Amino acid sequence: MSDFASKYAIPLSEPEISGNEWKYIKDCLDTRWVSSVGSYVNKFEKMVADYIGTKYAVAVVNGTSALHLSLMACGVKPDDEVIVPALTFIAPVNVVSYCGAHPVFMDCDRGNLCIDVHKVTDFIVNECKRRSDGYTYNKKTNRRIKAIIPVHIFGHPTDMEALLEICGKNNIDIIEDATESIGSEHKGKMTGSFGQTGCFSFNGNKIITTGGGGMVVTDNKELDGKIRHLSTQAKKDPFEYDHDEIGYNYRLTNIQAAMGVAQMERLNEFIGVKRRNASLYKKLLKDVDDVEFLWEKNWAKSNFWFYTLRVPKGDKKPLMRFLLEKSIQVRPIWKLIHTLTMYKGCQAYAIENAVEAYETCINLPCSVNLKEKEINFVVENIKSYFSNQVV
Ligand SMILES: Cc1ncc(COP(=O)(O)O)c(C=O)c1O
């Protein structure tokens with residue numbers, strides 16, 4: 001079992017820190033380059049841009065700020081609408097509110113839990129109208145649909161090909177929430193490289209971490225400049241304290257970037273482990289009736305950040321309780337955001353699969369340092385739960 005300070009024998013997701021992290025952070029401390037300027041920030045940005053295959057990358061304090069700055073740089077204004085998944089971590093919805101805009105909630109695909117691109121298409125074609133100003137408007141609210149935030153849920157890529165087609169035709173910006181999917185690919189192209197911007201998170205539970213941290217990637221020079229500017233208090237003069245708009249203190253520190261560089265050096269290795277462990281779970285769970293280990297689409301290569309198990313509806317909570325009692329940390333997937341108090345009044349379009357997913361899906365332990373015998377232990381307990389149910 002691991003040394004991570006978790007109260008569980010098998011934690012859900014713990015960071016793997018056994019490379020050059022100490023060395024590079026010590027370098028920052030020794031040289032006094034600890035704040036938001038320094039060679040590691042530049043290096044980390046370049047490594048991520050090169051890895052994703054974009055021209056630019058801006059390091060920021062977390063994935064939420066990456067999304068917030070992306071929306072602002074793309075020109076999302078108060079009273080605009082932004083299409084978001086109902087099934088997601090809440091950050092990509094909250095950033096829409098930070099801009100004074102309104103979320104429109106969409107259903108998920110039953111297979112990969114990402115936004116249902118067919119329903120997005122139906123919504124845009126049937127419920128919206130393109131006006132002479134070139135923008136697409138929601139017929140019901142008369143608001144402009146300025147952007148969409150597809151989230152590559154648990155590392156699984158959204159069907160970006162179909163999304164690019166419908167959004168391209170309707171002048172809707174795509175801000176990819178790739179916070180969970182660094183290294184995942186859609187037909188050989190990295191998630192985060194399809195939209196106007198792609199946003200990453202290096203929170204402690206992600207495949208690679210800087211404690212807290214984020215990155216925006218883009219091929220658009222103007223967006224890169226705007227995002228960099230807004231993330232540094234919109235200071236326009238390197239010498240004078242001259243600011244030309246309301247900005248934010250959203251830059252990543254050199255210490256965190258140093259950790260990021262060390263983690264990036266290991267990323268492909270980590271993804272290899274995640275994918276091998278996913279295959280092992282899948283193989284071991286194959287004979288358990290009524291459960292399904294969620295898998296990637298045939299056009300996708302997932303980084304398998306999180307492992308998701310679909311179980312019969314009534315079994316979700318009892319199975320979770322059973323596994324938690326065995327000191328196996330499992331987690332329910334997110335409550336659907338359109339059902340939360342703050343978002344109850346917002347438009348939600350034909351949400352069906354997401355309801356089923358919430359009622360039936362749980363996440364299993366997935367740390368990079370998860371051992372084969374631990375996966376066996378998790379699966380044996382799942383089997384034991386279901387065999388007791390039958391008896
Ligand atoms: C889908 C999704 N979007 C956004 C975020 C926000 O990232 P951060 O926690 O770095 O702000 C997270 C998770 O942390 C996430 O899972």
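This structure is a prediction, so every number in the text was calculated from the model and none was measured. (Residues numbered from 1 in each chain as written. Predicted model: local features only at pLDDT ≥ 70, side-chain atom pairs only at ≥ 80, totals over all residues. Heavy atoms only, no water.)

## What about helix H3 (residues 63–73)?
And then number 1: Extensive coverage of H3 is indicated by the burial of nine of its 11 residues.
And then number 2: Here H3 has its buried residues at Gly63, Ser65, Ala66, Leu67, His68, Leu69, Ser70, Leu71 and Ala73.
And then number 3: With a side-chain oxygen lying 3.3 Å from the backbone nitrogen of Thr64, the N-terminal cap of H3 falls on Asn62.
And then number 4: Immediately beyond the C-terminal end of H3, within one or two residues, lies Gly75, with a positive phi of roughly 90°. (Buried < 20%, exposed > 50% of the residue type's maximum accessible area, 1.4 Å probe, protein only. Helix = DSSP H or I, 4+ residues; strand = E, 2+ residues; numbered from the N terminus. Polar contact = N/O pair within 3.5 Å; in protein donor to acceptor, adjacent residues only side chain to side chain.)

## Digging into the sheet that holds strand S16 (residues 348–349)
And then number 1: A sheet is described by the order of its strands in space; here eight strands give the open sequence S1-S11-S10-S7-S6-S2-S3-S16, paired in mixed fashion. Single-partner strands in this sheet number two, and they are strand S1 (56–60) and S16.
And then number 2: The strands touched by H3 are S1, strand S6 (145–148), strand S7 (173–177), strand S10 (197–201) and strand S11 (214–218); relative to S10, the strand with the most contacts, the crossing angle is about 165°. (Pairing = 2+ DSSP bridges. Contact = heavy atoms within 4.5 Å. Axes fitted to C-alpha atoms, helices over the stretch in contact; angles between N-to-C directions.)

## Brief notes about the packing of helix H5 (residues 117–127) against helix H6 (residues 160–169)
Working note: a packed helix pair is described by the angle between its axes plus the distance between those axes.
And then number 1: Their axes nearest at 9 Å, the elements H5 and H6 cross at an angle of 10°. Considering the angle they form, H5 stands roughly parallel to H6. Residues Val117, Val120, Thr121, Ile124 and Val125 of H5 form the contact with H6, whose own contacting residues are Ala162, Leu163 and Ile166.
And then number 2: In terms of residue class, the contact of H5 with H6 is built from seven nonpolar, one polar and no charged. (Parallel < 35°, antiparallel > 145°, perpendicular 65-115°, else oblique. Nonpolar A, V, L, I, M, F, W, Y, C, P; charged D, E, K, R; others polar.)

## Concerning the nonpolar core
Side chains of nonpolar character tend, in soluble globular proteins, to be buried together.
And then number 1: Counting residues in hydrophobic clusters, the biggest one holds 107 residues, and the most contacted among them are Tyr281, Leu285, Leu309 and Leu364.
And then number 2: Counting residues per element, this core draws most heavily on helix H9 (residues 267–285), which supplies nine residues.
And then number 3: When residues of this core are assigned to domains, at least three fall in each of domain 1 (21–264) and domain 2 (267–390).
And then number 4: In this view, Leu285 contacts Val291, Phe293, Leu309, Leu364, Val379 and Ile382; residues no more than four positions away in its chain are not counted. (Core = buried A, V, L, I, M, F, W, Y, C linked by side-chain atoms within 4.5 Å. Domains from an automatic or database assignment.)

## Quick word on the confidence of the model for the protein chain
Note that predicted coordinates carrying low pLDDT should not be read in detail.
And then number 1: In the predicted model, the protein chain carries a mean pLDDT of 96, and the fraction of residues at 70 or more is 98%.
And then number 2: Within the protein chain, the lowest mean pLDDT, 92, falls on helix H12 (residues 372–390), and the highest, 99, falls on strand S2 (residues 81–85). (pLDDT = per-residue confidence, 0-100.)

## Structural notes on the domain arrangement of the protein chain
And then number 1: The domain boundaries assigned to the protein chain delineate domain 1 (21–264) and domain 2 (267–390).
And then number 2: Centre-to-centre, using C-alpha coordinates, domain 1 lies 26 Å away from domain 2.
And then number 3: Facing 49 residues of domain 1, the contacting portion of domain 2 comprises 42 residues.
And then number 4: Carbon and sulfur atoms supply 61% of the area buried between domain 1 and domain 2, which totals about 4100 Å² over both sides.
And then number 5: Where domain 1 packs against domain 2, one counts 28 residue pairs in polar contact (both at pLDDT 80 or more).
And then number 6: Residue assignment for the side of domain 1 that touches domain 2 shows that the elements contributing at least two residues are helix H4 (91–98), strand S3 (102–106), H5, strand S8 (185–186) and helix H8 (254–264).
And then number 7: For the side of domain 1 that touches domain 2, a count of residues per class yields 20 nonpolar, 16 polar and 13 charged. (Buried area = accessible area lost by both parts, 1.4 Å probe.)

## As for the site of the ligand
And then number 1: In the vicinity of the ligand lie 15 residues, with Gly63, Thr64, Asp177, Glu180 and Ser201 positioned nearest.
And then number 2: The separation between a nitrogen atom of the ligand and a polar side-chain atom of Asp177 is 2.7 Å.
And then number 3: Glu180 is positioned with one of its side-chain polar atoms (N or O) 2.5 Å from an oxygen atom of the ligand.
And then number 4: Burial of the ligand by the protein chains amounts to 91% of its free accessible area of 380 Å².
And then number 5: Where the shell around the ligand is concerned, the elements lending two or more residues are H3 and H4.
And then number 6: For the shell around the ligand, the element with the highest residue contribution is H3, accounting for three residues.
And then number 7: A per-class count over the shell around the ligand returns five nonpolar, seven polar and three charged. (Near = heavy atom within 4 Å. Areas by Shrake-Rupley, 256 points an atom, 1.4 Å probe, with all protein chains shown as cover.)

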